[in-house]
Every structure is written in C-alpha cells, then in structure tokens.
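Residues per chain, in single letters:
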Amino acid sequence: MLLNRGRNSVAIPGPSIIPDRVLAAMQRPSPNIYDGELIDIAESIFPDLKSVARTDGNVAIYIANGHGSWEAGISNVLSPGDRVIALNTGFFGSRWAFMARTMGIDVEVLDFGMDECFDPGVLRNRLGADTSPYVKAVFAVQTDTASSVRNDIPELRAVLDDVGHESLLMVDCIASLGCEPHEMDAWGVDVMNAACQKGLMTPAGMSFVYFNDRAKEARARVSGVSGYWDWVPRTEPEHFYQLFGGTAPTHHIFALREALDILVHEEGVANAWARHERLAGAVWAAIDRWADGSAIRPGVSDPSHRSHAVTTIRTTNDLSGGHDGDTDADRIRQWCESRSGVTLGIGLGFPDHLSGSAFRIGHMGHLNPPMILGTLGCVDSALTALGIPHGDGALEAASRVISEADATFGLE
Ligand SMILES: *Cc1c(COP(=O)(O)O)cnc(C)c1O
C-alpha cells in the first residue's frame, strides 16, 4: 500500500524547503529592469544579507550556485601560482580545492576525515613551518554538508593571529548561513561564500561572496580578474545592471526579499539559530535511540562538532542480504520517498566501498516540529518495515527535546 499522497517533502541538505510565501512572491510578471520597484527591492536586499552574516563589510551577488561563488571568491583574491591550504572535513573542502586547482592555484589539502572537525594544532604546525612564498589563503568550510561536521571558525582565526600569518581566511558558509551562528566581522573572516538555496530558503540560482577590507586590499593586488567575476562593479556600481553583471535575476530578487523578511524581520537571525539547534537536537536524540543495540550511528560522534543544519547517519553497507544490491541506507531512502513522500539525502563523500553506508537528513531553513517529527517518524517506519534492527523510542526522545524548548520560551 502506498501512503504517499499529501504534500511531498524534501529533507535533503539543499535545496531546502521553499516557504509558500517565497514561491508566491515569484508568481508575477517580469518587471521593468531599468526603473521602479525592482531596483528598490534589489537594493534593500544588501543590508539584510549583511545582517544575516553579522558584517558591515561588502557582499557581491552572483547568478550562480555555490560552486560559482567559489570561483568568484578565488578570482578576486588569488592568482595562478598562489599557494593555498584547504581544510577538508568531509567533501566540500576537497571540491573547493579542486575548483581552485582548475584555476591554477597551488592547493595543499589538510584532510581530517569524515568524523572530526579540523585540528587547529595541525594548521598551526603547518603555517609555523611555512616559508616564502607564503600561503595566501586558508579555505575552511564551516559546515561540511557531506559529513555534517561543523568547524570552529574563531579557533582558526586565533591560529592565524598567533603565528602572525598574513593569509586570508576564506570560509564556506553555503550550508550554514542562516542556520548556525556566524559572526563574520567578530570572527575575522575575510572572504565568505554563501548561496540562497539552503538556510536562505530561495530556489537555487543566487550566490554571495562577502568580503572585508583586507580582502579588498588583496583584490587590488590581483590583475586580470574576469569582468564577470570581478566584485568591484557589483559592489560599487555606477549603473544598476552592474550589481548583477547584466540582467538582474528578477524573480530570485522577489523570492529572496520575501525569504529575508521571514528570516531577518519576522523570526530574527538569532532565533533561527536557536531553532536550528533545537531541531537538530531532536534528530540526534532519535538517532541515539535507533543506535541502541544496532549498527545505526550518528556520522559525527562528538555532538559539539555536529552541524545544526544537516545530519549524516551511518548504517551498515552490508550488501550480503540480497536486496538487489541495495544497502540499508539505500533501502531506507527508497522506502521513505516511494512509500511516504519524503526525500532524504544520499551518502556523499565516503570512499567507494562505504558510499552506501550513509544517508542524510537536511534540517535547514523553513522547518518546524511537525516537519522534522514527520521525517523522523517516516525513517522509524522504514526501519521497522524493512526489518532493519534498531532501538525503540526514537520519536519519544525527539519529542522530548522539542518539549524542552518550552523551558526557554519567552525568555529571549
Ligand atoms: C551545497 C554546498 C556547496 C555547493 O553548492 P552548489 O550550490 O551545489 O554549487 C558547497 N559547499 C557547501 C558546504 C555546500 O553545502
């Protein structure tokens, strides 16, 4: 029997669920792109984007996904032959490194595996030993969406300051912006990458490069920045079209305006961070119960290193059961999608022989307890229906975490 009528839901770590109001904001004819409302709305987005990242610096918008924002950031502050260290705690640090290599950057990857956040001591030793030509930038992903590891960015800044190193600190917040605390100015982040389709609840297609004055100085030393990626006209435009390097992404602007109203002006960014933390706690509580006496376990052992936006769940990848070559994680995902209408994230970034040993629950953006409890309930049903051994009481545990949110209700 199929029970999957009603509204389908995505619980993948981006694109995230788009609020109905954001969808509705796009339901309108093409506007005048030379004059009038669109210009005002577009300009109103910048201060709100800055407030989400807690910065008084600059932000350039690109009609691109997160990969485009990586290329944009790299283009503005690095030149072929420059040396960079990329910290990898999953998958995206190495993808970012790959992109930089295709642009002629000399990248060294420091890899910390799938279950650990970066070790500041390793970076300290590496930079301490650095001799000319020095490392121009350190790439760090705040939340790695594949492993669901969350890194401590202020610790990194402290290392750079301690060793007196001039490198730029470049941080990927594509999965974390709007979900996890990020204080760009207070933390001394020089360049920050983000995109609209995760915590910012907008259809994929807009991305952001934030930068401070140090990064601006680095930009001034780079020659040959492509006219399209150059952030100067996008942040100091003489004409409106320069904000977007051509035609404005009209309907994305309407959508993002609505999403920022919800996040910044209605909920408040700090409240959104607290909500994500609480909902993540509900997911972890469920996993702890499933793990009891079974092979299921959280992808990241130490709760303080876990993302509040996405959770990776490890299962066995035992193919011996003869289920058409599918692993437990594959079967759980397939059951949830086809039987109950919720799409879970695939395992990503593991070595080939482990690639079927994980699935992910995205819990970023537009999400409330019925949505997260519904997703956890469907996974719980899948485990039972598929005969996958697991501990009892996952939903009770998750609901208890949610009930405890009341303890702080009204205190903020
Ligand atoms: C999603 C994601 C990316 C890639 O973004 P795209 O929009 O798919 O290009 C990069 N880094 C992180 C941390 C992400 O979560």
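In this text the structure is predicted, and so the values were computed from the model without any measurement.

Draft legend 1. Quick look at the overall build of the protein. For the protein, the helix and strand inventory stands at 14 helices and 14 strands. Scaling as 2.2 N^0.38, a compact globule of 412 residues should have a C-alpha radius of gyration of about 22 Å, and the protein matches this with 22 Å. A sequence separation of at least 24 residues applies to 72% of the contacts in the protein between residues at least 6 apart. Approximately 16900 Å² of the protein is accessible, and the part contributed by carbon and sulfur atoms is 52%. Distance between charge centroids for the protein: 2 Å, based on 32 positive and 53 negative side chains.

Draft legend 2. Spotlight on the site of the ligand. As a matter of local geometry, the ligand sits amid 13 residues, with His67, Thr145, Asp172, Gln197 and Lys198 nearest to it. Between the ligand and the protein, one listed contact pairs an oxygen atom with a side-chain N or O atom of His67 at 2.5 Å. Thr145 places a side-chain nitrogen or oxygen 2.3 Å from an oxygen atom of the ligand. Isolated, the ligand exposes 380 Å² of accessible area, and the fraction of that covered by the protein chains is 90%. If you tally residues by element for the shell around the ligand, the top one is helix 3 (residues 66-77), at three residues.

Draft legend 3. Main features of the packing of helix 12 (residues 328-340) against helix 13 (residues 369-385). Contact geometry for helix 12 and helix 13: axes closest at 9 Å, N-to-C directions at 110°. In terms of orientation, helix 12 lies roughly perpendicular with respect to helix 13. In the packing of helix 12 onto helix 13, the handedness of the crossing is right-handed. Counted together, Ile332, Trp335, Cys336 and Ser340 of helix 12 and Cys378, Val379, Ser381, Ala382, Leu383 and Ala385 of helix 13 form the full contact between these two elements.

Draft legend 4. A look at the sheet that holds strand 10 (residues 207-211). Taken together, the seven strands give an open sheet; going across it, the order is 2-10-9-8-5-3-4, and neighbouring strands pair in mixed fashion. Each edge of the sheet is formed by a strand with only one pairing partner; in this case those strands are strand 2 (58-62) and strand 4 (106-111). On average, adjacent strands in this sheet sit at an angle of 20° to one another, irrespective of strand direction. Bridge count between strand 3 (residues 83-88) and strand 5 (residues 135-141): four bridges; the pairing is parallel. Bridge pairing in strand 5 places Val84 opposite Ala137.

Draft legend 5. Structural context of helix 3. With 12 residues, helix 3 should cover 16 Å at 1.5 Å per step; its first-to-last C-alpha distance of 17 Å lies within 8% of that length. Summarising burial for helix 3: 10 of the 12 residues are buried, a large majority. Buried within helix 3 we find Gly66, Gly68, Ser69, Trp70, Ala72, Gly73, Ile74, Ser75, Asn76 and Val77.

Draft legend 6. Structural context of the layout of surface pockets. A volume near 330 Å³ is recorded for the second largest pocket. Looking at the second largest pocket, it is lined by 19 residues, and the ones nearest its centre are Arg7, Asn8, Ser9, Ile17 and Met371. Of all the secondary-structure elements, those providing two or more residues to the lining of the second largest pocket are strand 1 (9-11), helix 1 (20-25) and helix 13. Looking at the lining of the second largest pocket, the element that brings in the most residues is helix 13, giving five residues. Taken together, the residues of the lining of the second largest pocket sort by class into nine nonpolar, eight polar and two charged.

Draft legend 7. Spatial organisation of the nonpolar core. Among the nonpolar cores identified, the biggest contains 58 residues, and Leu49, Leu87, Phe208 and Tyr210 are the most heavily contacted of them. Leaving out residues up to four positions away in the same chain, Leu49 has contacts with Val59, Ile61, Leu200, Phe208, Tyr210, Leu256 and Leu260. In this structure, Ala60, Leu168, Phe350 and Ala358 belong to the second largest nonpolar core, which totals 35 residues.

Draft legend 8. The arrangement of the environment of Arg257 in detail. Take Arg257: it is sitting in helix 10 (residues 250-267). Taking relative accessible area as the criterion, Arg257 reaches 13% and is therefore assigned buried. Each C-alpha atom, one on Arg257 and one on Leu348, is 32 Å from the other, the two residues being 91 residues apart in sequence. Residue contacts for Arg257: discarding those within four places in its chain leaves Ile41, Ser44, Ile45, Asp48 and His265. Within polar-contact distance, the side chain of Arg257 engages the side chain of Ser44 at 3.0 Å.

Draft legend 9. Inspection of the sheet that holds strand 14 (residues 358-362) at higher detail. One open sheet accounts for five strands, arranged 1-13-14-12-11; its pairing is mixed. Of all the strands in the sheet, just strand 1 and strand 11 (297-298) have a single pairing partner and so form its edges. Direction of pairing for strand 1 relative to strand 13 (residues 342-346): parallel, over a ladder of three bridges. Residue pairing in the sheet places Ala11 in a bridge with Leu344 of strand 13. Lying on the sheet, helix 12 is in contact with strand 13 and strand 14; it crosses strand 13 at an angle near 155°.

Draft legend 10. Representation of the packing of aromatic side chains within the structure. Summed over all chains, the structure comprises seven aromatic pairs. Ring centres of Tyr62 and Trp229 lie 5.4 Å apart, and the angle between their planes is 50°; this geometry places the pair in the tilted category. With Tyr62 in strand 2 and Trp229 in the loop between helix 8 (213-221) and helix 9 (231-235), this pair connects stretches of sequence that are 167 residues apart. Neither Tyr62 nor Trp229 differs from the other in exposure class; each is buried. Over the face of the ring belonging to Tyr228 we find Arg234, whose NZ or CZ atom lies 4.6 Å from the ring centre.

Draft legend 11. The packing of helix 5 (residues 120-128) against helix 6 (residues 153-162), seen in detail. Contact pair helix 5 / helix 6: the axes reach a minimum separation of 10 Å and the direction vectors enclose 25°. Between helix 5 and helix 6, the interaxial angle falls into the category roughly parallel. For the pair helix 5 and helix 6, the sense of crossing is right-handed. In this structure, helix 5 uses Pro120, Leu123, Arg124 and Leu127 to contact helix 6, whose residues at the interface are Glu155, Leu156, Val159, Leu160 and Asp162.

What counts and how
- Residues numbered from 1 in each chain as written.
- Predicted model: local features only at pLDDT ≥ 70, side-chain atom pairs only at ≥ 80, totals over all residues.
- Heavy atoms only, no water.
- Helix = DSSP H or I, 4+ residues; strand = E, 2+ residues; numbered from the N terminus.
- Rg over C-alpha atoms; globule rule 2.2 N^0.38 Å.
- Contact = heavy atoms within 4.5 Å.
- Areas by Shrake-Rupley, 256 points an atom, 1.4 Å probe, with all protein chains shown as cover.
- Lys, Arg positive; Asp, Glu negative; His and termini not counted.
- Charge placed at Lys NZ, Arg CZ, Asp CG, Glu CD.
- Near = heavy atom within 4 Å.
- Polar contact = N/O pair within 3.5 Å; in protein donor to acceptor, adjacent residues only side chain to side chain.
- Axes fitted to C-alpha atoms, helices over the stretch in contact; angles between N-to-C directions.
- Parallel < 35°, antiparallel > 145°, perpendicular 65-115°, else oblique.
- Left-handed = near helix turned anticlockwise from the far one by under 90°.
- Pairing = 2+ DSSP bridges.
- Expected span 1.5 Å × (residues − 1).
- Buried < 20%, exposed > 50% of the residue type's maximum accessible area, 1.4 Å probe, protein only.
- 1 Å grid on protein atoms, 1.4 Å probe; cavity = no way out; pocket = protein on both sides within 12 Å on 5 of 7 lines; lining within 4 Å.
- Points joined across faces, edges and corners; volume = space filled by probe spheres on them.
- Nonpolar A, V, L, I, M, F, W, Y, C, P; charged D, E, K, R; others polar.
- Core = buried A, V, L, I, M, F, W, Y, C linked by side-chain atoms within 4.5 Å.
- Phe/Tyr/Trp six-rings, centres within 6.5 Å; stacked < 30°, edge-to-face > 60°.
- Lys NZ or Arg CZ within 6 Å of the ring centre and 35° of its normal.

Read these as spatial facts, not as claims about activity.
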